[in-house]
Amino acid sequence: MAQTITISPVTRIEGHARVTIHLNGDGKVDRSYFAVTQFRGFEKFCEGRMFFEMPLITPRICGICPVTHHLVAAKACDEIIGVNPPKPASMLRELMHMGQFVQSHALHFFYLASPDLLLGFDADPAIRNVVGVIQKYPELAVKGVKLRKYGQQIIERLGDKRVHPNFAVPGGVNKALSVKDRDAILGELDEMIEHTQSGIQIAKNWLEEHRDLAGKCASFKSGYMGLVGKDDALELYDGTLKLTDRDGKLLERFNGDNYLDYIGEHVENWSYLKSTFYKKLGYPDGVYRVGPLARLNVAEKITTPMANEELKSFKAIADGPVEGSLYYHYARLIEALYGLERVKQLLEDPEIMSKDIRAESQAFGKSLSKRVLGTSVPRNVITGHGVGTIEAPRGTVFHDYHCDETGKLTKVNLIIATGHNNWAMSKSAEMVAREFVDGKNLKEGMLNRVEAAIRCYDPCLSCSTHAIGQMPLIIELVDSDGNVIDQIRRD
Amino acid sequence: MAEIRLTINGKEVVGEKGDTVLEVCEKNGIYVPTLCHHKCLLDTGACRMCLAEIEGMRGYNPSCVTKANDGMVVRTDTEELDRFRRMMLELLFSQRNHYCMFCESSGDCELQNLAYKYKINYNEYKSAFPRLRMDSTQRYFVYDENRCILCQRCNRACSEVAGHNVLGLGKRAIETTIVADLNSDLGNSTCTSCGTCVQVCPTGALIDRRSAYLGRMYQCETTKSTCSVCSIGCGVEIVTRDNHILKINGDWGAEVNKGILCKAGRYLPLHEQKERLTKPMIKRNGAFSEISWDEALDYAAKKFREVGMENVAGMISPRATNEEANLFAGLLSNGKIQELGPDTVLADGFARGRNAKLSDIRDSDCILIYRIDLDKETPVAGSFAKLAFYQHEAKIILADDKENSFGRLAMLKLASSEINQAKESLDQAANPVIIYGTSATTQEVEKLAKLCEKVKLMGLLAGGNSKGLRALGINGKANVQNAKAFYILACDDDLAGKFDRCGADFVVLQTSYFTTEVEKADMVLPSPLWSEKEGSITNVDGITQRVAKAIDAPDGMQSNEATIRILNEKISR
Amino acid sequence: MSQALEKLEQRVLGTDVPRKVKIATDWLEACAGCHMSLLDIDERIIELLKHAEITSSPITDLKHPPEEGVDVGILTGSVGNTDQLEIAKEMRKRCKILIAFGDCAVFNPAPIPSMRNFFDKDDVLKRTYVESESTVDGEIPKSGGLCELLEKVVGVGDVVKVDVYLPGCPPRADTIFYVLSELVAGRMPVLEDENLKYD
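The sections below set out a description of the structure shown in this document. What you see is a predicted model, and the numbers here were worked out from it, not measured in a lab.

1. Concerning the packing of aromatic side chains
(1) Moving on: Applying the stated criterion to the full structure yields 26 aromatic pairs over all chains.
(2) Moving on: Look at Phe 220 of chain A and Trp 423 of chain A: their rings are 5.8 Å apart centre to centre, the planes differ by 85 degrees, and that puts the pair in the edge-to-face class. Separated by 203 residues along the polypeptide, Phe 220 of chain A in the loop between helix H8 (211-216) and strand S6 (223-228) and Trp 423 of chain A in helix H13 (residues 422-436) bring together distant segments of the chain. In this pair, the class of Phe 220 of chain A matches that of Trp 423 of chain A, namely buried.
(3) Moving on: Between the aromatic rings of Tyr 259 of chain A and Phe 398 of chain A, the centroid separation amounts to 4.9 Å while the plane-to-plane angle is 20 degrees, which identifies the pairing as stacked. Remark: Phe 398 of chain A occurs in strand S13 (residues 395-403) and Tyr 259 of chain A occurs in the loop between strand S8 (250-254) and strand S9 (263-266); sequence separation between them is 139 residues.
(4) Moving on: Look at Phe 398 of chain A and you get buried, because its relative accessible area is 0%.
(5) Moving on: These aromatic residues form a ring-pair network of at least three members: Tyr 99, Phe 102 and Phe 129 of chain B together with Phe 107 and Phe 118 of chain C.
(6) Moving on: If you follow Lys 274 of chain A out to its NZ or CZ, it ends over the ring of Tyr 129 of chain C, 5.7 Å from the centre.
(7) Moving on: The ring of Tyr 31 of chain B has Lys 117 of chain B lying over it, and the distance from NZ or CZ to the ring centre is 4.4 Å.

This is the structure in structure tokens:
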């Protein structure tokens, strides 16, 4: 007698999701589905607005990583007006981006993931949250709060607000860095590095203690994709995309501008979140993961010393790519460390203090010239098309805008980080469900583990569906006639 | 002016006969909220924010259009009035689609500021989400109907301040909207891109494209200066942040232009596509290479001494300041200096005390425009003529042999040879004015002057400081043909077709831009832009005004004055 | 509104043993920015937690406000689908003072989710799931279990009674701390000057 378990909503993630677990007659897991029930429609309702408004509209896709959208929208707009921002402007944008990485990764590790790691998957749901961590490990919790605050303050200094800042504009940024701000950021940097190291220690110790679990739990083969810089260094702001296959071998290197040649989106009937895949292999053979785990898998080195040492430890976990989803937590903290070291690199370069913060281009024209990669575009013509690519904390993001010769948007296409991980999250949930969910003896902790598998990906579901939805969490054991046999409520 | 006394909010205050109630309040420091009111526009009572309770008058009256009378008892601060103001603001927010969170004006928006002032944190009126248009066809700004509160400052400014009369209202009731001409898109209308409408818009309905999201006014500096493009010399306010110019506004307080600008003054300086020159360069083997200031000026001095200073001729742009021109004339004291440009000679000397001032155009009741297209060459003078036409029905007579923008306003269109036909109208007018430019020959101007005894003549010089140059003895043309060397102080002027080396051995060009024109020179010296230097220029009326430094020039630049001084020293050695 | 406040005052101030004010939060058609801004009170969260208890919230593992109810309910985001409608109603039922938190919930000025109100709901779905350049063999998701989109996105105040409207996109952390502190102390916050922002 087949039964269905529904976990709804998944908590301690950003956004709304549900997991439906189908059991076979023996009470074992047959299939499971990870569904997202949010939808807003940015790709339609931005039509008719001006392209230069996108750096302020698209951050509202997500309040955790608004900087991602703010910066990548500006990058797409750079292409629309046919300019490259001057170096100080790119450095400043990257500085804000690093601030975001630090705050978002700190948020995820200390506020969202740590309750599972420090209090245990099976802890009482009433305390299994950031408040519980604050109460049981107050010193550690303060470190997490300070780390997140540090990242947010970098964003605020540059863009006036922490959430939905105003800083990047087509062609550059709107404000130069002041000496006061630079010194303030540098002043606290070492302390923040220490806090991140504490987090790394916790993650490493936990993963070491639970080595078996980490190796098996939601561990599976997939492709990996991320931006890389020169010599395949970890790159979060610029660079080119590197896609590897299930064994870690190189499949493609490509410029984000040409993403349509490589990336497709697949729609499932039961979820508002589309799944991306590598076109040449089709769906689902061409699925790949993005985000910290994937980025560290495709990178060969990190250009900052401490993070580079940790990368070596990370790579030593496995021959070939690291596949266990729980290792996302470690990878995430390595990136936070890189973010902080990169902040230092940027601030110690005097060029970041320059006032050459904008390439002035007056883009308006009657003729529309089709943007061709590699050719220079006359500066006084709106090219009509721009693509921006960036790594969000959670993975690769593409913004693709088309506009008419007056700059009014005609088509908008957005592919957002967690979308690339959709298949992987579903797979992870299924694997953990198979491992731990016993339909005949349903316990709440089992279901939390399923959710924890999803949490590894730090999914940003508002982002990835650029849509909105809501999901409460009830687990019901339902027979094929629809009668409720057993029920666990999380209230 | 006769004094009147009123009691406002229990306080006795004094005003002048003819004041509106709002004006009396403003003069006495009593705050009254307004939205459609603007100090440079005639009031219209559109927004109803300034409603006041006036004893003896029924209901509430908009104080901006209610004449104040002696003995009036007025209240502007009652609770019910505040309630109405809140309601009006909520109705405005609900009528259209105001998305403050991504609006370019947020933080500087008068509608938003009033809503904050009245502590509106909620709106009980529901929006119907009407689908409204965004006109993005204009090159320099965008009109977003979603944010328009129909205060009509823009169409009032377009007619009352700038005189162009392009904007008006279209449709009716809830569908009323601002239209250009007879419902054209702005980019396809007779809009001249003067930008006055953008400057007066209180919300984010009219958005300057270039400065969108570049900073709130509290984050910027404002520098008062004078535009150097044409000889009118409009007062401007340059808005800057972190050494970048965000936008150029008209200075409402400037006597010459009272806030009006034109495309050439407001937008074109910020839309410059030419590559900037920042280092001295010398032509060697057909190509230009960078050299140091010392090397450059040593070499120039040597070459000038070689040909002899009496054989060095100068050309100076009318964008040069009086201070720069003074030093330039001191360097080249041989008298062989002329204004840079093809059309620089203004025929004058015939006015015999009947020289018009710019304000005479505005006050005139009959204007003869002779062979000059004001909208193209000096649009603000065009605005003055249009204001005369629209506000007190001045007769426009156009005498031109080419297409001229004023053709559609002219009561009488003549060929340049037919000006006698204008005599009757000029004679019958009380304040007739003739406007001409550098295209008119001496004979033509002589004829014009004799046309009518009381007519005043306005000869529009070509450049921002042409008048200042004249005062220093630098005329439109001088004897420079046989010069053996040229020193050209071009500043940030456009150079296309403006000079020829005429077989000279050595040409020094001091310019802001590295364009194909520099090929005609042997050495180029970088010049700061107009917004990067301090000095004064003199407009066609003879008024000397300040050009102010709003931003720093790029590293390694020096002022033109320093360059000329050092060159002079080196020559004298 | 004042009735609800009175009840809060009684419970907080009128008892011998100080009781923590219970807070529940949830997000509807939201981007999570308001919750992030709430966390932007940084270390002050520790001070707040001395006087307040966060029960259900997207960042804790309790999914519904406790049946016995909470003192302060916070809803962020607009109401755009049938699930969100139910959540809004449940939160209203289970809290004494309901805060519509952020521009999306307050709905003035017009918030981003409402931008789909200018279009036909089906056109919006079609653009994303069928027409978009990267979508291959798309179709509009429709299976049972996926909630229905409302024809038009509305504000929280349009579906339930709201006691406090807190605009901002998002409301600044200092403002949030002020509002919560005031409520915890039994007073109604006054939103003005730096605490009243629409962006």
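2. Topic: helix H7 (residues 293-307) of chain B
All names here are of chain B.
(1) Moving on: Look at H7: 21 Å from first C-alpha to last across 15 residues, which is about the 21 Å you get at 1.5 Å a residue.
(2) Moving on: Of all the residues in H7, the buried ones are Trp 293, Ala 296, Leu 297, Ala 300, Ala 301, Phe 304 and Val 307. Buried residues in H7, looked at end-on, bunch into an arc of 135 degrees, giving them a common side.
(3) Moving on: In this structure, the buried side of H7 is in contact with strand S16 (312-316), strand S23 (485-491), strand S24 (506-511), strand S25 (523-526) and helix H15 (560-572).

3. Re the environment of Ile 415 of chain A
(1) Moving on: Here Ile 415 of chain A lies in strand S14 (residues 409-415).
(2) Moving on: In this structure Ile 415 of chain A comes out as buried when scored by relative accessible area, which is 1%.
(3) Moving on: Excluding its chain neighbours within four sequence positions, the residues that come into contact with Ile 415 of chain A are Tyr 259, Ile 263, Glu 265, Thr 276, Thr 396, Val 397, Phe 398 and His 420 of chain A together with Ser 134 of chain C.

4. What to know about the pairing of strand S14 (residues 281-284) of chain B
Residue and element names in this part refer to chain B.
(1) Moving on: Where S14 meets strand S15 (residues 287-290), four bridges bridge the pair, whose relative direction is antiparallel. If you follow Ile 282 over to S15, its bridge partner there is Ser 289.
(2) Moving on: Where S14 hands over to S15, the hairpin turn is made up of two residues, of which Asn 285 adopts a positive phi near 55 degrees.
(3) Moving on: In this structure, S14 lies alongside S25, joined through two bridges in antiparallel fashion.

5. So, the side chain of Glu 341 of chain A
Residues and elements named next belong to chain A.
(1) Moving on: With respect to the helices and strands, the residue Glu 341 is situated in helix H11 (residues 328-348).
(2) Moving on: Lys 344 provides the closest opposite charge to the buried, unpaired Glu 341, separated from it by 7.9 Å.
(3) Moving on: In this structure the side chain of Glu 341 is engaged in a polar contact, spanning 2.9 Å, whose partner is the backbone nitrogen of Met 306.
(4) Moving on: Leave out the neighbours within four places in its chain, and Glu 341 touches Ile 193, Thr 304, Pro 305, Met 306 and Ala 307.

6. A short note on the sheet that holds S13 of chain A
Residue and element names in this part refer to chain A.
(1) Moving on: Strand order in this open sheet of three strands is S12-S13-S14, and the pairing throughout is antiparallel. Across the chains shown, the open sheet's two edge strands, defined by having one partner strand only, are strand S12 (385-392) and S14. In this sheet, neighbouring strand axes are inclined to one another by 10 degrees on average, regardless of whether the strands run parallel or antiparallel.
(2) Moving on: Of the strand pairs in this sheet, S12 and S13 are connected by eight bridges, and their pairing is antiparallel. Directly across from Gly 386, in S13, lies its bridge partner Tyr 401.

7. What about the interface of chain C and chain A?
(1) Moving on: Contacts between chain C and chain A engage 59 residues on the former and 79 residues on the latter.
(2) Moving on: For the pair chain C and chain A, the summed buried area comes to about 5900 Å², and 61% of that belongs to carbon and sulfur atoms.
(3) Moving on: On the chain C side of the contact with chain A, Asp 61, Lys 63 and Glu 133 of chain C bury the most area, a combined 12% of that side's loss.
(4) Moving on: Our enumeration of links across chain C and chain A arrives at five salt bridges.
(5) Moving on: A salt bridge links Arg 162 of chain A to Asp 42 of chain C; the shortest N-O distance between them is 2.9 Å.
(6) Moving on: There are 18 residue pairs in polar contact (both at pLDDT 80 or more) connecting chain C and chain A.
(7) Moving on: Contributing elements (two or more residues each) for the side of chain C that touches chain A: strand S1 (21-27), helix H2 (33-39), helix H3 (44-51), helix H4 (82-93), helix H6 (121-131) and strand S6 (135-136) of chain C.

8. Observations regarding the packing of H3 of chain C against helix H7 (residues 173-184) of chain C
Residue and element names in this part refer to chain C.
(1) Moving on: Look at H3 against H7: their axes get within 11 Å of each other, and the N-to-C directions meet at 15 degrees. Between H3 and H7, the crossing angle belongs to the class labelled roughly parallel. Judged by the twist between their axes, the crossing of H3 over H7 is left-handed. Mapping the contact onto sequence places Arg 44, Leu 48 and His 51 in H3 and Ala 173, Asp 174, Phe 177, Leu 180 and Val 184 in H7.
(2) Moving on: For the contact of H3 with H7, the class distribution of residues is five nonpolar, one polar and two charged.

9. With respect to the pattern of salt bridges
(1) Moving on: Throughout the structure, instances matching the rule amount to 86 salt bridges over all chains.
(2) Moving on: One salt bridge connects Arg 147 of chain B with Glu 53 of chain A, and the closest N-O pair in it is separated by 3.2 Å. One end of the pair, Arg 147 of chain B, is in the loop between strand S7 (141-144) and helix H4 (153-161); the other, Glu 53 of chain A, is in the loop between helix H1 (42-45) and helix H2 (54-57), on a second chain.
(3) Moving on: Classification of Glu 53 of chain A as buried rests on a relative accessible area of 1%.
(4) Moving on: A salt bridge links Asp 71 of chain C to Lys 96 of chain C, with the shortest nitrogen-to-oxygen separation between them at 4.0 Å. Highlighted residues: Asp 71 of chain C in strand S3 (residues 70-76) and Lys 96 of chain C in strand S5 (residues 95-101), separated in sequence by 25 residues.
(5) Moving on: A relative accessible area of 2% means that Asp 71 of chain C is categorised as buried.
(6) Moving on: The network of salt bridges with common partners includes Arg 49 and Glu 53 of chain A together with Glu 104, Asp 144 and Arg 147 of chain B.

Here is what the cut-offs are and how they apply
- Residues numbered from 1 in each chain as written.
- Chains lettered and ligands numbered in written order.
- Predicted model: local features only at pLDDT ≥ 70, side-chain atom pairs only at ≥ 80, totals over all residues.
- Heavy atoms only, no water.
- Phe/Tyr/Trp six-rings, centres within 6.5 Å; stacked < 30°, edge-to-face > 60°.
- Helix = DSSP H or I, 4+ residues; strand = E, 2+ residues; numbered from the N terminus.
- Buried < 20%, exposed > 50% of the residue type's maximum accessible area, 1.4 Å probe, protein only.
- Lys NZ or Arg CZ within 6 Å of the ring centre and 35° of its normal.
- Expected span 1.5 Å × (residues − 1).
- Arc of directions from axis to C-beta.
- Contact = heavy atoms within 4.5 Å.
- Pairing = 2+ DSSP bridges.
- Lys, Arg positive; Asp, Glu negative; His and termini not counted.
- Salt bridge = Lys/Arg side-chain N within 4 Å of Asp/Glu carboxyl O.
- Polar contact = N/O pair within 3.5 Å; in protein donor to acceptor, adjacent residues only side chain to side chain.
- Axes fitted to C-alpha atoms, helices over the stretch in contact; angles between N-to-C directions.
- Buried area = accessible area lost by both parts, 1.4 Å probe.
- Parallel < 35°, antiparallel > 145°, perpendicular 65-115°, else oblique.
- Left-handed = near helix turned anticlockwise from the far one by under 90°.
- Nonpolar A, V, L, I, M, F, W, Y, C, P; charged D, E, K, R; others polar.

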